[in-house]
Amino acid sequence: MDDISKRILELKRERHAVILAHNYVAPEIQDLADFTGDSLELSIKAESVHAEVIVFCGVRFMAETAKLLSPQSTVLLPKSDAGCPMADMADPDEVAACRRKNPDAVFVAYVNSTARVKALVDICCTSGNAEKIIRSIPQDRPIVFLPDRNLGGNMMKKLGRKMELWPGCCPIHDQVTVEMIQRARAAAPGAPVLVHPECRVEVVDAADEALSTAGILRFCRESSGKRFIIGTEQGILHRLRKENPGKEFLPLEPAMVCCDMKKVTLNDLYVSLRDMTEKIELDPALAEAAVRPIRRMLDVK
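A quick note: this is a predicted structure, and the numbers were derived from the prediction, not measured. Residues take numbers from 1 onward in each chain, read along the sequence in its written order. A pLDDT threshold of at least 70 governs which residues receive local features in this predicted model, and a stricter bar of 80 or more applies before side-chain atom pairs are shown or counted, although totals over entire chains, interfaces and linings include all residues. Neither water nor hydrogens contribute to the side-chain values; these are computed over all heavy atoms in the structure.

A.B. asks: Summarise the sheet that holds strand 8 (residues 164-165); cite the residues concerned and give the values.
C.D. replies: The pairing of strands in a sheet happens through backbone hydrogen bonds and is either parallel or antiparallel. Strand order in this open sheet of four strands is 6-5-7-8, and the pairing throughout is parallel. Edge positions in the open sheet fall to strand 6 (123-125) and strand 8, since each of these has one partner strand only. Those strands touched by helix 6 (residues 92-101) are strand 5 (106-110), strand 7 (143-146) and strand 8, and its axis lies near 155 degrees from that of strand 5. For two strands to pair, DSSP has to find at least two bridges joining them. Under the scheme used here, helices are H or I runs from DSSP no shorter than 4 residues and strands are E runs no shorter than 2 residues, and both carry numbers assigned from the N terminus. We call two residues in contact whenever any of their non-hydrogen atoms come within 4.5 Å of each other. Axes, fitted as lines to C-alpha atoms, cover a helix only where it is in contact. Angles between the N-to-C directions of the axes lie from 0 to 180 degrees.

So this is what it looks like as structure tokens:
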């Protein structure tokens, strides 16, 4: 173990901290983390361990969600400018205006949204539970789904449920095409193509499975197959290979890299713990409103 990793672990013990790392961050960060997972898995884990300090190695909306679920903890985001382009595509003022125009609609926000937007909606969802959440909404209620038009579009097709879709997307997943899948299949015949439901509807149709990052990890772990084509951000390949020795994981497209997810470095993590920066601070009234749709989601059985 290198010196900076040792210093990080020493500081972690001194601060009574836990380090959370998203499946997409750099491998060396994942290897140092106490827990690795998707954004909501990690926020729920943070809540359950009751840590004094939570260092969230991911992007801002994830750290905000951790703070919403663990308000008593100090939550740190090691790289203050690590944002999410899709989350930023839902402007809170525009969401508020849309609510005024659609007073009878149920507003469903993908967890990949800012705390200010969460405070304006009725319920949240993840890529793994979106189907369950939408099914829980009475058929006679109109739905506005935001900010990801692709996840919403895939749910519309799967459930036959009409929804108004916000014009947002993940730039990394939105770039995937059917032609990319065809090329990958030709290069690795017989290997299943696993994509994320943030991909376009026609891409999901062309793939073998559309799964959250947790779903991809589970599918590959439980499958007897030995070769898989992975259509999501490349950071997940590290964990897939680590957890599944003897299996081969091929990126659908080498360009599937989120620059924001890759911003945090070991030095950033060290400085964050040393200086206790950057602390996630949320206005209490905002936090009270923003945590409600998350709690409603968690209450849906």
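A.B. asks: A description of the sheet that holds strand 12 (residues 248-251) should follow, citing residues and the corresponding values.
C.D. replies: Overall, parallel pairing links the four strands, which are arranged 10-9-11-12 in an open sheet. Taken across any chain shown, the strands that pair with only one partner, and hence form the sheet edges, are strand 10 (209-210) and strand 12. Relative to strand 10, strand 9 (residues 193-195) is paired through two bridges, and the arrangement is parallel. Bridge pairing in strand 10 places Val 195 opposite Ala 210. Strand contacts of helix 14 (residues 236-243): strand 11 (227-231) and strand 12, with the helix running at about 170 degrees to strand 12, the strand carrying the most contacts.

A.B. asks: Give a description of the packing of aromatic side chains that names residues and reports values.
C.D. replies: To describe a pair of aromatic rings, one takes the distance between the centres and the angle between the planes. Only Phe, Tyr and Trp rings are paired, with Trp represented by its six-membered ring, and only when their centres lie within 6.5 Å; those with planes under 30 degrees apart are stacked, over 60 edge-to-face, the remainder tilted. Per the stated rule, a full pass over the model turns up two aromatic pairs. For the pair Phe 228 and Phe 249, a centre-to-centre distance of 5.3 Å together with 15 degrees between the ring planes defines the contact as stacked. Highlighted residues: Phe 228 in strand 11 and Phe 249 in strand 12, separated in sequence by 21 residues. When sorted by exposure, Phe 228 lands in the same class as Phe 249, which is buried. Cluster of aromatic residues (ring-pair linked, three or more members): Phe 219, Phe 228 and Phe 249. Throughout this description, the term charge over a ring refers to an Arg CZ or Lys NZ atom that lies within 6 Å of the ring centre and within 35 degrees of the ring normal. Between the NZ or CZ atom of Arg 7 and the centre of the ring of Tyr 270, over which it lies, the distance is 5.0 Å. To sort residues, take the accessible area from a 1.4 Å probe on protein chains only and compare it with the maximum for the residue type: under 20% means buried, over 50% means exposed, and anything in between is partly exposed.

A.B. asks: Tell me about the pairing of strand 3 (residues 53-57), and name the residues and values.
C.D. replies: Among the five residues of strand 3, five are classified as buried, and the element is accordingly described as predominantly covered. Because side chains alternate across strand 3, one face comprises the buried residues Val 53, Val 55 and Cys 57, and the other comprises Ile 54 and Phe 56, equally buried. Sheet analysis places strand 1 (residues 17-22) next to strand 3, joined by five bridges and oriented parallel. Pairing of Ile 19 across the sheet is with Val 55, part of strand 3. In this sheet, strand 4 (residues 74-76) lies alongside strand 3 in parallel orientation, the contact comprising three bridges. Following the sheet pairing, Ile 54 is matched in strand 4 by Val 75.

A.B. asks: Would you mind going over unusual backbone geometry in detail, with residue names and values included?
C.D. replies: Here the residue pair Leu 146 and Pro 147 is connected by a cis peptide bond, since its omega of -5 degrees sits within 30 degrees of zero. With an omega dihedral of -20 degrees, the bond running from Thr 277 to Glu 278 counts as a cis peptide bond. Within the element layout of this structure, Glu 278 appears in the loop between helix 15 (266-275) and helix 16 (284-299). Look at His 50: it is not a glycine, yet its phi comes out positive at around 55 degrees. If you check the backbone angles, Met 276 has positive phi at about 60 degrees while not being a glycine.

A.B. asks: Outline helix 3 (residues 39-49), supporting the account with residue identities and numerical values.
C.D. replies: Regarding helix 3, the residues found buried are Ser 39, Leu 40, Leu 42, Ser 43, Ala 46 and Glu 47. Seen end-on, helix 3 carries its buried residues on one side only, within an arc spanning 160 degrees. In this fold, the buried residues of helix 3 make contact with strand 1, strand 2 (35-37), strand 3, helix 4 (60-69) and helix 16. Looking one or two places after helix 3, you find His 50, whose phi comes out positive at around 55 degrees. An arc is given here, and it is the one of the directions from the helix axis to the C-beta atoms.

A.B. asks: Can you explain the packing of helix 3 against helix 4? Please cite residues and give values.
C.D. replies: Each pair of packed helices can be described by the angle between their axes along with the distance between the axes. Interhelical geometry of helix 3 versus helix 4 gives an angle of 30 degrees and a closest axis separation of 9 Å. Classed by the angle they form, the pair helix 3 and helix 4 counts as roughly parallel. By crossing handedness, the relation of helix 3 to helix 4 is classed as right-handed. Residues Ser 39, Leu 40, Ser 43, Ile 44 and Glu 47 of helix 3 lie in contact with helix 4, whose contacting residues are Phe 61, Met 62, Thr 65, Ala 66 and Leu 69. These descriptions rest on fixed angle ranges, namely under 35 degrees for roughly parallel, over 145 for roughly antiparallel, 65 to 115 for roughly perpendicular, and the rest for oblique. The crossing is said to be left-handed when, going from far helix to near helix, the turn is anticlockwise and less than a right angle, and right-handed when the turn is clockwise.

A.B. asks: Lay out the side chain of Ser 212 with the relevant residues and their values.
C.D. replies: Along the chain, Ser 212 turns up in the loop between strand 10 and helix 13 (213-222). The contact partners of Ser 212, leaving out residues within four places of it in the chain, are Ser 127, Gly 128, His 196 and Pro 197.

A.B. asks: Describe the pattern of salt bridges, naming the residues involved and giving the relevant values.
C.D. replies: Put simply, a salt bridge is a Lys or Arg side-chain nitrogen that is within 4 Å of an Asp or Glu carboxyl oxygen. Within the structure shown, the criterion is met by 19 salt bridges. Its salt-bridge partner being Arg 295, residue Glu 47 comes within 2.7 Å of it at the nearest N-O pair. With a gap of 248 residues between them, Glu 47 in helix 3 and Arg 295 in helix 16 connect regions that are remote in the sequence. For Asp 205, the salt bridge is made with Lys 157, and the minimal N-O distance between the two is 2.5 Å. Highlighted residues: Asp 205 in helix 12 (residues 201-206) and Lys 157 in helix 9 (residues 149-159), separated in sequence by 48 residues. Judged by relative accessible area, which is 45%, Asp 205 ranks as partly exposed. Given the relative accessible area of 53%, Lys 157 is considered exposed. Three or more residues are tied together by salt bridges with common partners; here these are Asp 81, Asp 260 and Lys 263.

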